[in-house]
Amino acid sequence: MGCNSRSYFFSLLFSLLVLLCVCAHTGESRTPFACEPGDGATRNLPFCRVSLSTHDRVWDLIGRLTLQEKIRLLVNNAAAVPRLGIQGYEWWSEALHGVSNVGPGTKFGGAFPGATSFPQVITTAASFNSSLWEEIGRVVSDEARAMYNGGAAGLTYWSPNVNILRDPRWGRGQETPGEDPVLAGKYAASYVRGLQGSAGGGDRLKVAACCKHYTAYDLDNWNGIDRFHFNAKVSKQDLEETYGVPFKTCVVEGKVASVMCSYNQVNGKPTCADTHLLRNVIRGEWHLNGYIVSDCDSVGVLYNTQHYTATPEEAAAATIKAGLDLDCGPFLAIHTEEAIRTGKLTEADVNKALVNTLSVQMRLGMFDGEPSGRPFGNLGPKDVCTPAHQQLALEAARQGIVLLKNGERSLPLSTARHRTVAVIGPNSDVTVTMIGNYAGIACGYTTPLQGIGRYAGTIHQQGCNGVACPGNQLFGAAEAAARQADATVLVIGLDQSIEAEFRDRTGLLLPGRQQELVSRVSVASKGPVVLVLMSGGPLDVSFAKNDPRVNAILWVGYPGQAGGTAIADVLFGTTNPGGKLPMTWYPQDYLDKAPMTRMAMRPDPSIGYPGRTYRFYKGPVVFPFGHGLSYTTFAQELAHAPTKLLVPLSSLHGFRNSTTLNNSLRAKNTNCDALSLGIHVDVKNTGDTDGTHTLLVFSTPPSGKWGSEKRLIGFEKIYVVAGGQQRVTVDVHVCNHLSVVDRFGIRRIPIGEHGIHIGDIKHSISLKTAWDNLNS
């Protein structure tokens, strides 16, 4: 069966399955989670009254529970309370880039055979398009609500992963928005807003999202050290300036309903038992309106593996007192009652945890009775895998593709000149590889081979037996295909056998003999050679970057269910690529100087440590953060930006104590709400092709003690027709974006000349205080 007909067959088959499921769907709603209108024993109880406040409803319910019932609600598979009409509930569901069946809370089958599978997060992050991220969240939550209404899923989704991609070897880097804290924070807030939506106004939730894994978690299993035993030694400066930023943005701006603490220790203390991190920071400083959950079995890990406490009861008490509300795992259900009996914990402590979890369930409408008459209660099988949702998955894949190299403008290919294409490589005809990890069952797939087959005749050779590529037995056939075709596309890279949860990489080079395959095919090819890299983490492909016989290189990440269509659309110019790398691509020898266990962001020349990410590492790179080419050209011109800004003081006493000696002002001593400015830039498409342009705005602090690191402070994605011009405004929040963090972890606003960098544009903004005006 040919590629096109095979794709059509599977698409038709899936459509028929959905149609049958919809026809079989009777329209009856799921049994209510609680507060069944027909249940005379509960319908008039205060916790079932929608007219009351969430606070009053929650406390009424807690007052009716026995201690044993309360304890069984502290774990992810919360037990039913039949006498109050409350069903059991599984809290653990995942929706990293589509509704997933990784957690036990979601089941595919019957009326819900699959769900829309968007590109992996690292790919979508490359779009630098916050409105796209929010729209994906909205679609995912539509499908999640539909599945909940059909009894196939819950409403609490432990996504997104907003950890910083600190080290290029991390197997879970693919799940993250990349290495920059501002980018990761913006992604977190946007995706969470899309997921949680607005279910009837106020603080109601469509679904409850969760930003994870807090904090400094970015090592799974490297060089004999795993996440269960790892103690991340992190400076106060790095915690405030880097690792905590995405989580703070997620809570403060995204209003996320949950935060997950991680397996690792930070500076000798398990994160799930750290009162400062959980109770003081997440709740006290950031004002989380929601619950804190452990990563799965983290409480058991801190006792059984890390030996943080002498007894399991002490572990239960330490975590709940620190601010943990829900245990993914059985530990708290087993040991909490004994902790209370022995005086290590009180029932009041348990009540505080339940307030946070039950409040989220109330906000989700789970105590409002039968859901069909409530917001989103009419969603069902017809609202999953819709044509519009699948089109968005395709658009997300297109926007996330990054053109890394285009020698002699070899791309786009021409359907007139490139009538046959050799499609070669271990990832050339894959399906599930394209959706990465923490995925579900996709609506359907278009492989790279199928996508290219819609534009040209194809000659297909796998070239390698899987991405491990242990031998060269298939190279001869691949070379023969390249000799026959008008162009050659090599689709290579990684998959979950190389990088995944609990599987960090040992190197950055292509696995096995893939590089040899590329080099031999490039020599044999009679037409242009295009390298398509499928991976989550960065790769050292210096050989291909520097080889003139490799004409072009695309990085597509893990592009989701429609990846093959998106790849082909970019190859043949139907789509003009506009993605930018959300992470630095390091050379292989970088790893020799940067052990994965070293958490410091800044370099240490005394020991040859090079530092991490584009902000602090200044050595050679394969491709830099923010790199990405287009089929057209753009020119940027600064239209308007302030040259001076007066920083208002909220406390003259604080100003005198914190500023005069450091030429800086503590951010907390300013009126941050009034401190924002707009930078207006004209972007012109100077080429002959319509395209999207990503405007990246960086800043540098005043020269002196604060260093000279350039860091991202804002970005905007715009579409500009050939010859057209658009004005873009980037809003800069001074306290967040023009501040620095000192070695004590204190955020300060340096007084003086701040540099603004937009491509080749350089602009200065002078920050002054009222004290400067008085003395001038």
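Residues numbered from 1 in each chain as written. Predicted model: local features only at pLDDT ≥ 70, side-chain atom pairs only at ≥ 80, totals over all residues. Heavy atoms only, no water.

**Q** What is the right way to read the overall build of the protein chain from this model?
**A** Looking only at helices and strands, the protein chain has 23 helices and 27 strands in total. Scaling as 2.2 N^0.38, a compact globule of 776 residues should have a C-alpha radius of gyration of about 28 Å, and the protein chain matches this with 27 Å. The C-alpha extent of the protein chain, read off along each of the three principal axes, is 80 × 75 × 50 Å. Per-residue burial over the protein chain gives 62% buried out of 776 residues. Within the protein chain, residue pairs in contact and separated by at least 24 positions form 76% of the contacts whose partners lie at least 6 positions apart. Surface exposure of the protein chain reaches about 27900 Å², of which carbon and sulfur atoms provide 51%. Side-chain charges of the protein chain comprise 71 positive and 67 negative groups, with the mean position of each set lying 3 Å from the other. (Helix = DSSP H or I, 4+ residues; strand = E, 2+ residues; numbered from the N terminus. Rg over C-alpha atoms; globule rule 2.2 N^0.38 Å. Buried < 20%, exposed > 50% of the residue type's maximum accessible area, 1.4 Å probe, protein only. Contact = heavy atoms within 4.5 Å. Areas by Shrake-Rupley, 256 points an atom, 1.4 Å probe, with all protein chains shown as cover. Lys, Arg positive; Asp, Glu negative; His and termini not counted. Charge placed at Lys NZ, Arg CZ, Asp CG, Glu CD.)

**Q** How should the state of the cysteines be read in this particular structure?
**A** Formally, a disulfide is one covalent bond, and it connects the sulfur atom of one cysteine to the sulfur atom of another. Across all of its chains, the model carries seven disulfides by this definition. Sulfur-sulfur distance for the disulfide between cysteine 211 and cysteine 250 comes to 1.9 Å. The chirality of the disulfide connecting cysteine 211 with cysteine 250 is right-handed, given an S-S dihedral of about 70°. With cysteine 211 in strand β3 (residues 211–214) and cysteine 250 in helix α8 (residues 245–252), this pair connects stretches of sequence that are 39 residues apart. Neither residue differs from the other here; cysteine 211 and cysteine 250 are each classed as buried. The disulfide partner of cysteine 261 is cysteine 272, and the gap between their sulfur atoms is 2.1 Å. The disulfide joining cysteine 261 to cysteine 272 has a torsion of about 105° about its S-S bond and is therefore right-handed. (Disulfide = S-S within 2.5 Å.)

**Q** Would you take a moment to explain the sheet that holds strand β18 (residues 644–647) for this structure?
**A** Hydrogen bonds along the backbone pair up the strands of a sheet, which may run parallel or antiparallel. The mixed open sheet is built from five strands, whose spatial order is β18-β27-β26-β21-β22. In this open sheet, the two strands that pair with only one neighbour each are β18 and β22 (711–720). Shown here is a sheet whose adjacent strand axes are inclined to one another by a mean of 25°, direction ignored. As judged from the seven bridges shared by strand β26 (residues 752–758) and strand β27 (residues 761–769), these two strands associate in the antiparallel manner. Pairing of histidine 754 across the sheet is with isoleucine 765, part of β27. (Pairing = 2+ DSSP bridges. Axes fitted to C-alpha atoms, helices over the stretch in contact; angles between N-to-C directions.)

**Q** Quick question: what am I supposed to make of the packing of aromatic side chains here?
**A** Any pair of aromatic rings gets described here by the distance separating the centres and the angle formed by the planes. Tallying each qualifying case throughout the model produces 25 aromatic pairs. Geometrically, the ring pair formed by tyrosine 214 and phenylalanine 247 is edge-to-face, given 5.2 Å between the ring centres and 70° between the ring planes. Of this pair, tyrosine 214 sits in strand β3 while phenylalanine 247 sits in helix α8, and the two are 33 residues apart along the sequence. Comparing tyrosine 214 with phenylalanine 247 shows no difference in burial state: the two are buried. Put simply, the rings of Phe128, Trp133, Tyr187, Tyr191, Tyr614, Phe625, Phe698 and Phe715 touch in pairs and so form one group of aromatic residues. Lying across the ring of phenylalanine 623, lysine 545 places its NZ or CZ 5.1 Å from the centre. The ring of tyrosine 609 is capped by arginine 598, whose NZ or CZ atom sits 4.7 Å from the centre of that ring. (Phe/Tyr/Trp six-rings, centres within 6.5 Å; stacked < 30°, edge-to-face > 60°. Lys NZ or Arg CZ within 6 Å of the ring centre and 35° of its normal.)

**Q** It is not clear to me how the nonpolar core should be interpreted in this structure. Could you clarify?
**A** Nonpolar side chains tend to gather and get buried jointly when the protein is soluble and globular. Phe47, Leu61, Trp158, Tyr214, Val256, Phe367 and Leu712 are the most contacted members of the largest nonpolar core, which has 120 residues in total. In terms of residue count, the dominant contributor to this core is helix α5 (residues 130–149) (nine residues). With residues up to four places along the chain from it excluded, the contact list for valine 256 reads Val192, Gln196, Ala209, Cys210, Cys211, Cys250, Val251, Leu288 and Asn289. By size, the runner-up hydrophobic cluster in this structure holds 81 residues, among which are Phe475, Ala478, Ala487 and Leu554. (Core = buried A, V, L, I, M, F, W, Y, C linked by side-chain atoms within 4.5 Å.)

**Q** Looking at this structure, how should I read the packing of helix α7 (residues 236–243) against α8?
**A** Axis angle and axis distance: for two packed helices, these are the angle between their axes and the distance between the axes, and together they describe the pair. Where α7 contacts α8, the axes come no closer than 5 Å and their chain directions differ by 50°. Here α7 is positioned oblique relative to α8, judged by the angle of their axes. Across the interface between the two elements, Glu240, Glu241, Thr242 and Tyr243 from α7 touch Val245, Pro246 and Phe247 from α8. The residue makeup of the contact of α7 with α8, split by class, is four nonpolar, one polar and two charged. (Parallel < 35°, antiparallel > 145°, perpendicular 65-115°, else oblique. Nonpolar A, V, L, I, M, F, W, Y, C, P; charged D, E, K, R; others polar.)

**Q** For this particular structure, what's the right way to read the pattern of salt bridges?
**A** Opposite charge on two side chains permits them to pair, given that their charged atoms come into close proximity. Taken as a whole and judged by the stated rule, the model has 36 salt bridges. Between arginine 193 and glutamate 134 there is a salt bridge, with the nearest N and O atoms lying 3.8 Å from each other. Taken together, the residues span a long stretch of sequence, with arginine 193 in helix α6 (residues 181–196) and glutamate 134 in helix α5 at a distance of 59 residues. Residue lysine 206 is joined to aspartate 142 by a salt bridge in which the shortest nitrogen-to-oxygen separation is 2.6 Å. Residue lysine 206 is found in the loop between α6 and β3, and its partner aspartate 142 is found in helix α5; the two are separated by 64 residues along the sequence. When sorted by exposure, lysine 206 lands in the same class as aspartate 142, which is buried. A single salt-bridge network, built from bridges that share partners, covers Arg172, Glu175, Asp220, Arg227 and Glu501. (Salt bridge = Lys/Arg side-chain N within 4 Å of Asp/Glu carboxyl O.)

**Q** Looking at this structure, I do not really get helix α2 (residues 54–64). What am I missing?
**A** Owing to its 3.6 residues per turn, the α-helix brings residues three or four apart onto one side. For α2, the full list of buried residues reads Arg57, Val58, Asp60, Leu61 and Ile62. Next to the buried residues of α2 lie α3 (67–71) and α13 (347–363).

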